[in-house]
Structures are given as C-alpha cells and as structure tokens.
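# Examining the three-dimensional arrangement
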Amino acid sequence: MKEPSSFEKRELIVSQDGSSSLYLPGLDETYHNRRGALTESEFIFIEKGLKNKALESSGSAPIRVLEVGMGTGLNVLLSKRFADSTSKLVEMVTLEPYPLTPSEWEALNYGELLNMREEFNALHKASWEKAIELSPFFTITKLKTRLETLNGYQNAFDVIYMDAFAPSRQSEIWSKDNLTILFNSLRDGGILVTYCAQGQFKRDLKEVGFMTEHPSGPLGKKEMTIARKEA
Ligand SMILES: C[S@@+](CC[C@H](N)C(=O)[O-])C[C@H]1O[C@@H](n2cnc3c(N)ncnc32)[C@H](O)[C@@H]1O
C-alpha cells in the first residue's frame, strides 16, 4: 500500500475545460481527467449516476449516495446542485481519509464556475463524522474513513460514486474485497458508477455479483462503467 505522504502533497492544475483539479506527484496521478474535471464529473457521476437513478425512482424517499474519495468536493457540489434544482431529496455519505487543507480547497475554482462559492465553502467547513444539512434537499455526511474499514452500511445506498485513483496507481482499493463491501452497501436495484473500465475490474465486478454495462464515457473516452445490484 502507498504511504499517506503519496496522497498528501498536492499541486493545483487547470484542466482543459477551465475547471481546476489537483495533481499528486507522489502517485503521478490527477484527481480528474486532465481534459475536463467538471465535464467528467458531471457526466459520469451526475448524468449516469444520480440523475439516472432519480429517473428510476418514484415517490419522495431520499436518494442515498455513497462516494469513495471526496477529494476536492466537486462531486458533492454537483450532487447538491442536482438535488436543489430538481427538488429531489439526496442524502450523501462521502469517504476521505486524506482531506484537503483550507488553502488547497480555497484555490479551486468550482465555486466561481458554478456560482456556488458559499456552498462550496460550507461543504468544506462542515464537520466530519455527522450528517449536515446543506439545504432543505441535500444532506452530507463526511467520513474520514477508508473504504476498507467502512461498516454499518448494509443495503443502504441507491448510488455509489467509485472515484478512487486509477487501478494503475492504487490497485488495492479496487480489490474484490472492497467491491464486496460496496456491493453489500447497495440496496437492491442500486448502481455503482465510475470512470474506470479496466479489464480485471470488469471481471471482478461480475464475480462479486454486479450486472455491468459500459457506455461511452465523456471527453472521447471509449468506456465507463455502470454496475447494478439486481433487485
Ligand atoms: C480521484 S481522487 C477523488 C476525486 C474526488 N471525487 C473529486 O471530485 O475531487 C481519489 C480520492 O480518494 C481518496 N482515497 C485514497 N485512498 C482512499 C481509501 N482507502 N478510501 C477512500 N478514499 C480514498 C484520495 O485521498 C482522493 O481524494
């Protein structure tokens, strides 16, 4: 396993759609696609994840979302925007063992790009380890927890955003044991979405019990993954 220091020395970068991201020299890895952080997150996690699930759901029950790797908070911010703009209740839990420092998140430009600066600040300032209502439609629980040690969430989520670093950089987080934790944490009919469509990962998803599909990804990417726990 990589040492925590590999995850904690970060450099600000600007991706090609103008949205910022971070680069980790210790892993030689970025937090998002260099061709467009905002474009990638909006397509994979909101369009194919949260919105996709919201279209399937009826009634007023909250949609429960788990994110692996809160990082910059971009996916949380986009999820809040979706909840508020559609008046859908969303309850999100996000895992992050290596949170950004205030100077790191203050330098990111998502607040300006989305006209959500105050909301972005509130998200990063929100206490850890407890549910915080950021709006009448959106609640966030930030956990300084590693996926490997997540417990207490069986049949709990409708959508999982699997947004860890790539298997070539952090192979252990994509292990079959971790995929089993994620499978068990999903409700029947729930979906896991990720930018990753690597061969071993696809095979492991099937072995763990997921039904998988691999539509085209954003920014010219040939495939992404939507994995479903069948009802
Ligand atoms: C690709 S980045 C996340 C991008 C993030 N969703 C965003 O929008 O900025 C991967 C994240 O996973 C976190 N991470 C690393 N090891 C982890 C683990 N064992 N469990 C959960 N998260 C982990 C990293 O610190 C990093 O923030």
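Before reading on, note that the structure itself is shown above.
Structure report, in brief. The structure displayed is predicted, hence computed values, not measured ones.

### Thoughts on the packing of helix 3 (residues 74-86) against helix 6 (residues 117-125)
- The contact between helix 3 and helix 6 brings their axes to 10 Å, and the two run at 120°. Accordingly, the angle class assigned to the pair helix 3 and helix 6 is oblique. In terms of crossing hand, the pair formed by helix 3 and helix 6 is right-handed. Facing Val 76, Leu 77, Lys 80 and Asp 84 of helix 3, the residues of helix 6 in contact are Glu 119, Phe 120 and Leu 123.
- Here the residues of the contact of helix 3 with helix 6 sort into four nonpolar, no polar and three charged.

### Quick look at the site of the ligand
- Neighbouring the ligand are 22 residues, the closest being Gly 69, Thr 72, Glu 96, Asp 163 and Gln 170.
- One of the side-chain N or O atoms of Glu 96 is found 2.5 Å from an oxygen atom in the ligand.
- Here a nitrogen atom of the ligand sits 3.0 Å away from a polar atom, N or O, in the side chain of Glu 148.
- Isolated, the ligand exposes 600 Å² of accessible area, and the fraction of that covered by the protein chains is 99%.
- Among the secondary structure elements, those contributing two or more residues to the shell around the ligand are strand 4 (63-68) and helix 3.

Rules and cut-offs
- Numbering of residues starts from 1 in each chain and follows the order in which that chain's sequence is written.
- Predicted model: local features are reported for residues with pLDDT of at least 70 only, side-chain atom pairs are reported and counted for 80 or more only, and whole-chain, interface and lining totals are derived from all residues.
- Heavy atoms throughout the structure, all of them, feed into the side-chain values; hydrogens and water do not.
- Only the stretch in contact is used when a helix axis is fitted, and all axes are lines through C-alpha atoms; the angle between N-to-C directions ranges over 0 to 180 degrees.
- Only runs of H or I of at least four residues qualify as helices and only runs of E of at least two qualify as strands under DSSP, and these elements are numbered from the N terminus.
- In this scheme, roughly parallel covers angles under 35 degrees and roughly antiparallel covers those over 145, while 65 to 115 is roughly perpendicular and the rest are oblique.
- In a left-handed crossing the near helix is turned counterclockwise from the far helix by less than a right angle, and in a right-handed crossing that turn is clockwise.
- Residue contacts are defined here by distance: any two heavy atoms, one from each residue, within 4.5 Å place the two residues in contact.
- Amino acid classes used here: Ala, Val, Leu, Ile, Met, Phe, Trp, Tyr, Cys and Pro are nonpolar; Asp, Glu, Lys and Arg are charged; the rest, including Gly, are polar.
- It suffices for a single heavy atom of a residue to lie within 4 Å of a molecule or strand for the residue to be listed as near it.
- Two N or O atoms form a polar contact when they lie within 3.5 Å of each other; inside protein one atom must be a possible hydrogen donor and the other a possible acceptor, and for residues adjacent in sequence the pair counts only when both atoms belong to side chains.
- Methods summary: accessible areas were calculated by the Shrake-Rupley approach with a probe of 1.4 Å, and residue burial reflects only the protein chains presented.

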